[in-house]
Amino acid sequence: MVECMVSGRDYDVIVVGGGHAGCEAAMAAARMGLSTALFTLNMDNIAQMSCNPAIGGLAKGHLVREIDAIGGMMSVCADMTGIQFKTLNGSKGPAVWSLRCQSDKAAYKVLVRRFLEGQSGLDIRQSEIISLLVDGGSVVGVVDFLGVEYKAGAVVLTVGTFMNGLVHVGDKSYSAGRSGDFASVGLSESLVRLGFNVGRFKTGTPPRIDGGSIDFSVTEVQNGDDTPEMFSIISSGPTLRQVPCYKTYTNNRTHDLIRVNIDRSPLYAGKIKGVGPRYCPSIEDKVVRFPEKENHQVFLEPEGLETDEYYVNGISTSLPYDVQVGIVNSIRGLETALITRPGYAVEYDYCNPVQLKPSLETKLYYGLFMAGQINGTSGYEEAAAQGLIAGINAAKYVKRQEPLVLRRNEAYIGVLIDDLVTRGTVEPYRMFTSRAECRLYLRQDNVEERLSLYGVETGLLSGERRAACERVMRDMVEVENFLAASKTAAGDWPPGVPLIKILKRPEVTIQNILDKYPLNFAPDVKALRKIEIKVKYEGYVSRQMDEVDRLASIDKKLINEDIDYKCLDGLSIEVRHKLEAVRPRTVGQASRIPGVTPAAISYILVMLEKRKRSVH
């Protein structure tokens with residue numbers, strides 16, 4: 001028998017992995033006019049919510065709103081399939097308000113797949129990609145497990161937890177990317193052969209239980225907001241029926257059961273080698289690390305409208321099944337609860353993100369981009385944000401255009417990517433508002449003003465969303481001009497004061513003013529909310545932006561790509577090694593590398609100035 005070399009069709013962009021990062025990347029590249037292929041291990045699990053069935057949350061809601069402003073699809077899909085919406089931190093300032101929605105996870109993945117299949121120029125293929133095609137210093141395609149080669153102008157890797165995935169439940173371990181799905185076993189080795197630094201992380205998930213076996217009467221009802229905010233500027237309200245979540249607590253019986261069986265945990269028995277997420281610990285971690293706590297919150301979250309399954313948020317575990325049954329049944333309201341799917345931990349390979357440029361293209365090979373958990377992040381939102389940028393920049397690479405690089409002072413997405421490529425990560429990275437120096441400015445309410453121009457430039461923000469953005473910003477200008485030009489009359493607030501100054505008062509709302517001084521047109525309600533927050537926080541933001549401008553000045557100072565840091569004798573060996581590993585593109589990025597001192601930055605500035613003079 002004669003074997004024939006099989007070649008698949010060629011594409012401009014190939015995306016490997018059908019999770020939240022891959023879906024955004026593939027959709028962005030295709031919408032930018034490039035022939036695109038999305039390869040996934042299982043077409044039925046595209047955009048699967050393998051952990052909690054929710055989108056948004058603290059700082060993560062900011063990312064989803066930013067995705068919307070640039071033209072991504074997670075925001076729209078979340079709004080259309082959300083079954084509870086709630087703004088977190090509502091009692092605090094607008095800078096930390098974060099929208100979160102409970103999702104119907106089955107409806108979400110069906111909707112995402114429908115969008116992908118309806119996008120012209122985008123093919124979806126079910127296959128395992130096991131290696132990359134390289135030509136010199138560029139990646140030019142992929143090879144699947146059947147030996148079929150697919151050529152491409154750029155490749156985006158968004159493989160999630162699937163590279164050498166290993167699932168643990170007690171003393172049972174098996175190869176899987178997540179429970180019920182095969183692992184990817186060839187790609188990681190291919191990356192190592194190509195010179196990439198590959199590490200090992202782990203994450204986990206709690207058991208799911210049958211809602212019909214829960215006694216909700218003894219739990220605390222957690223309703224959504226009466227008039228909820230939405231992620232997308234084009235959404236006016238929820239599409240699906242809204243339902244409550246519920247809250248209960250672990251107790252001493254729960255904790256004693258975990259302590260007695262801690263030696264049966266693969267995490268504490270030494271079976272798990274990967275580093276887990278510090279900010280989303282397993283229940284066994286919580287009990288061991290916080291022995292003084294008598295209880296931990298447990299949230300019962302519905303997985304959808306067409307299922308009775310509930311996600312037990314707060315007891316992520318890899319303990320054996322019999323212990324998981326005991327843990328669940330020890331919790332108030334769950335005494336007779338039936339586990340439908342046990343919790344588990346999954347270990348997987350990731351690539352150190354300092355091997356990436358700020359565009360998410362790798363430094364080792366042109367035309368290869370990475371996004372999502374392969375870069376050491378956790379969470380659907382972090383993955384989708386990276387996927388959107390990687391897809392845009394893969395398309396720009398093929399088109400020979402300058403990449404889109406968001407700065408730290410203009411987007412949480414910019415903070416996320418800069419943290420990864422500059423500092424790397426020694427544990428699964430999660431976004432927090434505290435990571436952003438400019439969080440008073442980087443609010444949920446002003447994403448259109450900050451980022452919609454990028455969406456327009458790439459062509460992703462078009463049609464209804466672009467029209468909505470333009471309408472809201474046009475209304476903002478008109479309302480702000482009216483408030484600045486109009487003054488109070490006698491008998492109201494102090495007479496002769498511009499209305500915009502009255503609005504700065506904490507007790508005055510924009511509606512208070514418009515009730516007395518009506519407009520001659522009906523502005524979009526989103527515009528009114530934006531104006532009110534903008535005016536009230538203008539002073540705080542102005543002071544913060546002064547500091548941002550100072551920091552931005554060194555971020556604009558480019559560092560020559562040909563600098564050999566090993567030869568800079570004025571720097572310590574440690575600093576030289578750090579600079580060589582990251583190879584920062586600006587002085588500002590260099591200043592954010594852990595261990596690079598102010599003295600080292602001063603030396604670099606002097607060195608750059610000398611090089612500049614020698615050129616002239």
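Quick look at the structure, then.

Thresholds, definitions, all that
Residues numbered from 1 in each chain as written. Predicted model: local features only at pLDDT ≥ 70, side-chain atom pairs only at ≥ 80, totals over all residues. Heavy atoms only, no water. Pairing = 2+ DSSP bridges. Helix = DSSP H or I, 4+ residues; strand = E, 2+ residues; numbered from the N terminus. Axes fitted to C-alpha atoms, helices over the stretch in contact; angles between N-to-C directions. Contact = heavy atoms within 4.5 Å. 1 Å grid on protein atoms, 1.4 Å probe; cavity = no way out; pocket = protein on both sides within 12 Å on 5 of 7 lines; lining within 4 Å. Points joined across faces, edges and corners; volume = space filled by probe spheres on them. Nonpolar A, V, L, I, M, F, W, Y, C, P; charged D, E, K, R; others polar.

### Remarks on the sheet that holds strand β3 (residues 54-56)
On the basis of which strands lie adjacent, the open sheet formed by three strands has the order β3-β5-β4 and antiparallel pairing. Edge positions in the sheet fall to β3 and β4 (82-88), since each has one partner strand and no second. Each strand axis lies, on average, 20° off the axis of its neighbour in the sheet, ignoring direction. Examined bridge by bridge, β4 and strand β5 (residues 98-103) share six bridges and lie antiparallel to one another. By the bridge assignment for β5, Gly 82 is matched with Ser 103. The strands touched by helix α2 (residues 60-70) are β3 and β5; relative to β3, the strand with the most contacts, the crossing angle is about 80°. In the packing of helix α3 (residues 74-81) onto the sheet, contacts are made with β3, β4 and β5, and the angle to β4 comes to roughly 115°.

### Quick notes on the sheet that holds strand β10 (residues 166-169)
What holds strands together in a sheet is hydrogen bonding between their backbones, with the strands either parallel or antiparallel. Strand order in the open sheet formed by four strands is β11-β10-β19-β12, and the pairing between neighbours is antiparallel. The two strands at the open ends of the sheet, each matched to only one other strand, are β11 (172-175) and β12 (198-205). Sheet twist, expressed as the mean angle between neighbouring strand axes with direction ignored, is 25°. Alignment of β12 against strand β19 (residues 344-351), held across eight bridges, turns out to be antiparallel. Directly across from Thr 203, in β19, lies its bridge partner Val 346.

### Comments concerning empty space enclosed by the protein
Under the counting rule described, the total for this entry stands at two cavities of 30 Å³ or more. A volume near 50 Å³ is recorded for the largest cavity. His 20, Cys 23, Glu 24, Ala 47, Met 73, Met 74, Tyr 108, Val 112 and Ala 384 together form the lining of the largest cavity. Of the residues that constitute the lining of the largest cavity, the class distribution is seven nonpolar, one polar and one charged. When its volume is computed, the second largest cavity comes out at roughly 30 Å³. Surrounding the second largest cavity, Glu 24, Met 27, Ala 28, Arg 31, Gly 71, Gly 72, Met 73, Leu 388 and Leu 460 form its lining. Per-element tally for the lining of the second largest cavity: the top contributor is helix α1 (residues 20-31), with four residues. For the lining of the second largest cavity, the class distribution of residues is five nonpolar, two polar and two charged.

### Details of the layout of surface pockets
Approximately 840 Å³ is the volume attributed to the second largest pocket. For the second largest pocket, the lining is made up of 28 residues, of which Lys 357, Pro 358, Glu 361, Glu 561 and Arg 585 are closest to its centre. In terms of residue count, the dominant contributor to the lining of the second largest pocket is helix α17 (residues 573-582) (three residues).

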